[in-house]
Amino acid sequence: MTSPDLLAFAGAIASGEIEVVDLTHTLTPEFPTIVMPPELGQCAPFRMEEVSRYDERGSAWYWNNFSMGEHTGTHFDAPVHWISGKDLPNNSVDTIPPRNFIAPAAVIDISTQSAADADYELTVADVLAWERQYGRIPPRSWVLLRTDWYKRSGRDYVNMREDGQHSPGPCPEVVRFLVEERDVHGLGTETIGTDAGQAFHFNPPYPAHYYMHGKGRYGLQCLANLDRLPPTGSIVVAAPLKIRRGSGSPLRVLALVPRS
Amino acid sequence: MARQPYDGVVVTVPVTVPYRRYSTNTAHWWVGRAVHGVIQGAGLKSADIDGLSLSSFTVGPDTAIGLTQHLGLSPRWLDHVPLGGASGVVALRRAARAVQCGDAEFVVCVAGDTNQVDSFRRMLSTFSRFAQDAVYPYGSGGPNASFALITRNYMKHYGATREDFGKICVAQRDNALKFPYALMKKKLTLDEYLGARAISDPIHLFDCVMPCAGAEAFLVCREDRARSLGLPAARLLATIERHNAFPEDPIQYRGGWALDIAEFYAMAGVTADDVDFVQTYDDYPVICMMQIEDLGFCAKGEGPEFVRSHTLTADGSFPHNTSGGQLSVGQAGAAGGFLGLVETVRQLTGEALGTAVPDALVGLASGFGMINYDRGLASGAALLAGGTA
Amino acid sequence: MTEPLARPKRKNPLKKTRVPMLPQGVRSRTALGLTAAAAEGRFRLQVCDDCAAVIYPPRDACPRCLSPRLPFKDVDDRGTLLAETTIRTSTDVYFRERMPWRIGTVQLDAGPSIVAHLHGDLSEGQRTRLELKLDKSGQAIAIALPAEDTPNMQDDPQWRELTCDPKFRRVLITDGRTAVGQALAEALSEAGASIVFVGIADPWKPFAGEDRLRKLERVEIVALDMTDTISVNECAGEFAPRVDILINTAEHVRTGGIIERKGLTVAREELEVRYFGLTRLAQAFGPVLRARGADGVNSAAAFVNLLSVYALANWPAYGAFSATEAACLSAAQSLRAELRPGGVKVVNVFFGPLETEWYQAVPPPKVAPSALARATVRALQQGLEDVFVGDIAEDIRARLAVNPKALERELGS
């Protein structure tokens with residue numbers, strides 16, 4: 001068997017035969033974070049402090065210090081993030097095998113349903129219907145939920161009402177199905193959280209986190225541009241920062257898409 | 001205990017260093033000129049001067065002791081008298097006792113100040129602790145504002161009018177027109193006085209002295225020493241001094257002289273009627289009027305009527321501030337407290353530089369000043385006599 | 001008769017802005033007793049402990065009995081104006097720019113004569129009441145007022161120079177999400193502010209009272225997140241020259257001592273919102289406020305800090321919070337000195353527990369947000385610098401003055 005021709009791969013990227021799609025939101029202070037009840041610990045928002053800008057603090061250079069939480073902006077969730085995954089081996093961002101940072105993606109489009117119902121839940125039936133069109137989801141694939149939610153901003157993006165956030169996500173059954181029946185690599189969403197906005201009230205609460213991380217799988221949130229990906233055939237590169245015992249990190253998520 | 005007389009003590013060699021509005025010279029320079037003038041005028045040498053009394057606002061950071069080395073004097077009697085307009089009288093009465101008791105033989109009393117473009121402003125803001133805490137922050141109008149309140153109160157209570165104060169100022173200006181060192185050289189009419197711009201109501205421009213640079217000095221010694229040097233001299237008859245008098249008065253309308261005036265004339269052996277001329281301390285005409293009352297020339301409150309019924313020029317019925325006073329000559333800092341005494345000695349020794357008061361035998365020089373908070377604290381007066389020694 | 005203040009016209013953009021000058025601010029240490037009284041709106045003079053003489057100007061020995069025991073005490077503020085003068089020329093630049101300026105001699109019923117600034121409605125010979133106020137140098141002066149209130153008296157030019165009246169001024173309230181922020185917006189609009197900017201962070205998060213806030217007259221919502229340097233700088237870039245009074249209503253209240261609150265994330269947030277937020281506001285708005293202290297009727301006048309009274313004495317039940325408030329208080333004191341060259345007052349308003357959710361478990365007395373708002377407006381109208389609102393705050397202040405160590409134990413028990 002010949003070894004894979006990586007130079008040809010690089011050439012294909014340079015020439016555009018393979019398109020590199022940026023699935024990441026820019027880190028800015030305005031980007032919303034997950035909001036916990038006030039008496040609980042909160043996720044730190046992204047903040048920047050200028051160190052110098054070609055001035056008396058540093059004449060020829062410009063640089064900043066920044067701060068944020070592990071789960072700020074477009075970010076990766078490691079299994080140790082959830083109580084159900086806390087004792088699994090290689091469950092933090094620094095111990096996950098690096099080969100797991102590159103994986104194929106199956107993109108399931110529920111944008112129309114989400115536009116009509118902010119609380120739309122992805123069901124097993126939705127997945128089966130998708131598979132009838134595009135084939136069985138290969139093992140160790142990312143399942144990315146396209147909802148076009150990334151096009152919203154501010155109040156509409158967070159969609160916070162008196163009883164909490166309202167955004168689409170998977171129902172408990174479909175998560176179990178994807179993990180146990182399809183051996184998925186992880187779940188990626190365009191919303192804040194892999195779970196639906198109202199998932200606190202599901203059984204179990206936050207099933208995407210519970211089941212995914214419980215089986216040592218991963219999460220990607222606040223993704224963008226999923227509408228530019230084909231249902232199958234993309235490769236997702238998602239390598240979180242190597243933080244000791246980290247539960248996740250903001251990162252650059254790239255999709256490699258073959259031009260048809 | 002009766003006050004001891006000043007037998008045998010005389011005041012001589014009156015010196016004025018011609019005033020200038022602004023001077024780049026230091027107070028040390030001005031004092032040096034005056035001391036030189038006294039030594040030369042007395043026909044003495046520096047080594048003969050064994051007593052020095054200094055008054056100055058701008059000689060800092062020095063005091064009198066620094067001036068001994070600066071001027072090359074080695075006195076056995078030294079005084080620093082920081083009493084502003086009362087400096088002359090107070091310096092004189094201390095020097096007189098020293099000379100009388102033999103503690104010193106020739107005491108030079110000198111007052112000199114420079115005046116630079118920001119001297120006045122800087123002096124005002126640090127004049128006294130009470131002024132810093134309780135006066136300067138209120139409009140920073142300086143003594144003009146403080147004396148405006150005193151003037152206003154006096155006018156209300158005793159019916160003094162601006163015309164009354166104007167008469168004092170106009171007469172002093174007439175006296176000054178003949179005085180060679182006066183900085184104000186133009187005649188002043190009552191209309192000009194009344195129409196002048198307001199400084200701090202009811203005080204207007206011609207109620208205020210002009211701060212300037214200058215120095216005044218005189219020599220105090222025993223009568224026999226003056227005679228042997230051939231110096232015309234005036235005898236010292238009496239002095240009084242009083243500070244912070246009447247502290248319960250809500251606004252100042254009388255000065256310390258009122259407390260000691262009987263003793264003053266008793267010590268001198270004369271009455272107010274015997275006085276041939278009066279040099280009052282004229283920082284403001286209202287204070288002249290107060291002195292006329294408190295020095296016994298009329299009752300309290302009768303000042304306005306007294307001014308209306310007398311002429312105040314050197315040749316008038318009540319010769320007053322015969323060289324023009326500070327209001328017309330200028331106020332050279334602490335030298336303003338010497339100006340009246342120096343003029344008194346000149347008038348009594350027949351050496352008047354301006355108009356001579358006819359048959360002047362007894363003269364009164366009064367001092368006042370040091371507005372600490374809302375009133376002048378220092379006061380004093382001296383009676384001198386001329387004629388045969 | 002005081003001429004009612006006219007609404008200021010739009011500033012002529014070609015005219016140089018007047019540089020703020022200050023009246024002479026040097027005082028002896030003893031005289032600073034008046035400054036302490038003026039900061040809180042009290043009328044206090046030295047009263048001799050031994051002979052009861054009431055003394056002025058402040059000094060170090062009783063002029064009647066030479067006692068050195070001369071504490072400052074509340075004194076009857078009534079008197080009679082004996083004489084007045086209108087100063088028309090001064091060597092001092094501050095007053096020279098503000099001529100003519102009236103002062104007078106007041107004889108207090110309590111004894112001493114006081115040289116005082118005069119309110120325009122007070123005439124010679126009339127009865128008066130004196131107040132101690134802080135002038136632009138931050139030091140105490142006395143102003144003589146008419147014995148009874150007169151119409152528009154707060155518009156008197158000398159009075160306005162001594163206060164931070166919101167009338168015709170433009171206000172920035174830094175956080176309108178809270179009940180206090182909203183109560184202040186309403187109170188300032190009613191007090192005659194020409195516009196009240198209200199800062200809101202995280203516009204994607206709804207908050208209670210939003211609809212009502214948006215409907216208030218002369219209130220304009222602006223984006224402002226005090227935990228975000230970029231946001232504060234951008235807000236200042238846009239609004240700083242149009243802010244005459246800045247009121248920092250940022251709130252972050254959590255229970256717990258410093259051991260009890262596990263981890264540092266809440267403490268970090270607390271410091272971000274309260275201490276670094278204050279620092280950001282100071283850096284972004286301070287220089288412009290300072291430059292505009294003499295800029296006409298709507299000159300920059302005040303930077304207001306709402307501070308827990310536990311900044312002065314730690315309450316361990318809210319121990320970490322108290323410590324952060326203490327940091328804010330110290331920073332406010334630095335800010336006071338840094339803004340003084342512009343004649344801009346730093347006003348610290350201290351209060352105990354509020355009638356808000358984070359003090360839910362604390363028994364009364366608690367301060368209602370509307371009461372805090374009213375007290376803050378009054379502090380601005382009176383030109384006060386240190387204000388204590390509500391029973392708890394007054395109580396803490398009184399105990400601190402007598403025995404700080406005892407208070408430490410009492411709060412910690």
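The residue count restarts for each chain, going from 1 along the sequence in the order it is written. Each chain takes a letter, starting from A, and each ligand takes a number, starting from 1, following the order in which they are written. Given that this is a predicted model, residues contribute local features only at a pLDDT of at least 70 and side-chain atom pairs are listed and counted only at 80 or more, while totals for whole chains, interfaces and linings are drawn from all residues.

Enquirer: Sorry if this is basic, but what is going on with the overall build of chain A here?
Expert: Along its length, chain A carries six helices and 15 strands. Note on method: radius of gyration uses C-alpha positions; expected globular size equals 2.2 Å times residues raised to 0.38. For chain A, the C-alpha radius of gyration of 19 Å lies close to 18 Å, the compact-globule estimate for 260 residues. Seen through its C-alpha atoms, chain A measures out along the principal axes to roughly 65 × 55 × 40 Å. Any residue with 12 or fewer other C-beta atoms within 10 Å of its own C-beta is exposed, any with 20 or more is buried, and the rest are partly exposed; the C-beta atoms used are placed from the backbone. Taking all 260 residues of chain A together, the buried fraction comes to 40%. Helix and strand labels come from DSSP, where a helix needs a run of H or I of at least four residues and a strand needs a run of E of at least two; each type is numbered from the N terminus.

Enquirer: Explain the packing of helix α3 (residues 87–100) of chain B against helix α14 (residues 336–348) of chain B to me, please; I cannot follow it from the model alone.
Expert: In a packed pair of helices, the relevant descriptors are the angle between the two axes and the axis-to-axis distance. Residue and element names in this part refer to chain B. In the contact formed by α3 and α14, the axes pass within 6 Å of each other and the chain directions differ by 65 degrees. Residues S87, G88, V89 and L92 of α3 pack against G337, F338, G340 and L341 of α14. Tallied by class, the residues present in the contact of α3 with α14 amount to four nonpolar, four polar and no charged. Angles here are taken between N-to-C directions and fall from 0 to 180 degrees, while the axes themselves are lines fitted to C-alpha atoms, restricted in helices to the stretch in contact. Contact between two residues is assigned whenever their backbone-derived C-beta positions fall within 7 Å. Residues are grouped as follows: Ala, Val, Leu, Ile, Met, Phe, Trp, Tyr, Cys and Pro are nonpolar; Asp, Glu, Lys and Arg are charged; every other residue, Gly included, is polar.

Enquirer: When you look at the interface of chain C and chain B in this model, what are you seeing that I'm missing?
Expert: When the parts come together, some accessible area is lost, and that loss is often what is quoted as the size of the interface. Taken residue by residue, the interface counts 33 residues in chain C and 31 residues in chain B. Broken down by secondary-structure element, the contributors of at least two residues to the side of chain C that touches chain B are β4 (78–87), β5 (101–108) and β6 (113–118) of chain C. Examining the composition of the side of chain C that touches chain B, we find that six residues originate from one element, β4(C), more than from any other. Residues of the side of chain C that touches chain B, tallied by class, amount to 15 nonpolar, 13 polar and five charged.

Enquirer: Is there a simple way to think about the interface of chain C and chain A in this case?
Expert: Counting residues at the interface gives 13 residues for chain C, matched by 13 residues for chain A. At the level of secondary structure, the elements contributing two or more residues to the side of chain C that touches chain A comprise α6 (229–239) and α7 (265–291) of chain C. A class-by-class count of the residues in the side of chain C that touches chain A yields five nonpolar, four polar and four charged.

Enquirer: Would you mind going over the domain arrangement of chain B with me for this structure?
Expert: All names here are of chain B. Domain extents, as shown, originate in an automatic or database domain assignment. Domain assignment breaks chain B into domain 1 (9–118 + 212–228) and domain 2 (139–206 + 233–385). The C-alpha-based centres of domain 1 and domain 2 are spaced at 23 Å. Contacts between the two partners involve 35 residues from domain 1, matched on the other side by 37 residues from domain 2. Every element with two or more residues in the side of domain 1 that touches domain 2 is listed here: β1 (9–20), α3, β4 (107–113), β7 (213–222) and α9 (223–228). A total of eight residues in the side of domain 1 that touches domain 2 trace back to one element, the largest contributor, which is β1. A per-class count over the side of domain 1 that touches domain 2 returns 19 nonpolar, eleven polar and five charged.

Enquirer: Is there a simple way to explain the sheet that holds β4(B) in this structure?
Expert: Adjacent strands of a sheet form backbone hydrogen bonds with each other and so pair up, either parallel or antiparallel. All names here are of chain B. DSSP calls a pair of strands paired once it identifies at least 2 bridges connecting them. The strand order across the open sheet built from nine strands is β3-β2-β4-β7-β1-β8-β11-β10-β9, with neighbouring strands paired in mixed fashion. Both outer strands of the open sheet, β3 (77–80) and β9 (277–279), are each paired with one neighbouring strand and no more. Sheet twist, expressed as the average angle between the axes of neighbouring strands with direction ignored, equals 20 degrees. Here three bridges tie β1 to strand β8 (residues 233–243), and the two strands are oriented antiparallel to one another. By the bridge assignment, V10 is partnered in β8 with R235.

Enquirer: Looking at this structure, how should I read the environment of P13(C)?
Expert: The topology assignment puts P13(C) in the segment before α1 (32–40). Judged by the 5 C-beta atoms lying within 10 Å of it, P13(C) falls in the exposed class.

Enquirer: So what exactly am I meant to see when it comes to α6(C) here?
Expert: Three or four residues apart is the spacing at which side chains of an α-helix point the same way, because the helix has 3.6 residues per turn. T229(C), S231(C), V232(C), C235(C), A236(C) and F239(C) are the residues of α6(C) that are buried. Projected onto a plane normal to the axis of α6(C), the buried residues spread over an arc of 165 degrees and lie on a single side. Pointing more than 90 degrees away from the buried face of α6(C) are the exposed residues G237(C) and E238(C). The inward-facing, buried residues of α6(C) contact β2 (47–55) of chain A together with β9 (170–173), β10 (195–200), β11 (219–223) and α7 of chain C. To obtain the arc, one takes the directions from the helix axis to the C-beta atoms.

Enquirer: Help me understand the arrangement of the chains in this model?
Expert: The highest contact count of any of the two pairs of chains in contact belongs to chains B and C. Separated without contact, chain A and chain B have their nearest C-alpha atoms at a distance of 38 Å.

Enquirer: Is there a simple way to think about the sheet that holds strand β14 (residues 248–250) of chain A in this case?
Expert: All names here are of chain A. Ordered by their spatial adjacency, nine strands build an open sheet running β1-β15-β13-β5-β7-β11-β12-β4-β14, and the pairing between neighbours is mixed. Among the strands making up the open sheet, the edge pair consists of β1 (18–22) and β14. Going across the sheet, the axis of each strand differs from the next one's by a mean of 25 degrees, ignoring polarity. The sheet contact formed by strand β4 (residues 75–77) and strand β12 (residues 218–221) spans three bridges and is antiparallel. Along β12, the bridge assignment pairs F76 with L220.

Enquirer: When you look at unusual backbone geometry in this model, what are you seeing that I'm missing?
Expert: Trans is the prevailing form of peptide bonds, just as negative phi is the prevailing case for residues other than glycine. The amide bond that connects D201(B) to the next residue, P202(B), takes the cis arrangement and shows omega of 5 degrees. If you trace the backbone, P202(B) turns up in the loop between β5 (198–200) and β6 (203–204). Residue P365(C) follows P364(C) across a cis peptide bond; omega there is 10 degrees. Inspection of the secondary structure assignment puts P365(C) in the loop between β14 (345–351) and α9 (369–382). At N90(A), a position not held by glycine, the phi torsion is positive, near 50 degrees. Of note, N90(A) is situated in the loop between β4 and β5 (102–109). A tally of 13 C-beta atoms within 10 Å means that N90(A) is categorised as partly exposed. In the Ramachandran plot, D183(A) falls in the positive-phi region, its phi being about 50 degrees despite a non-glycine side chain.

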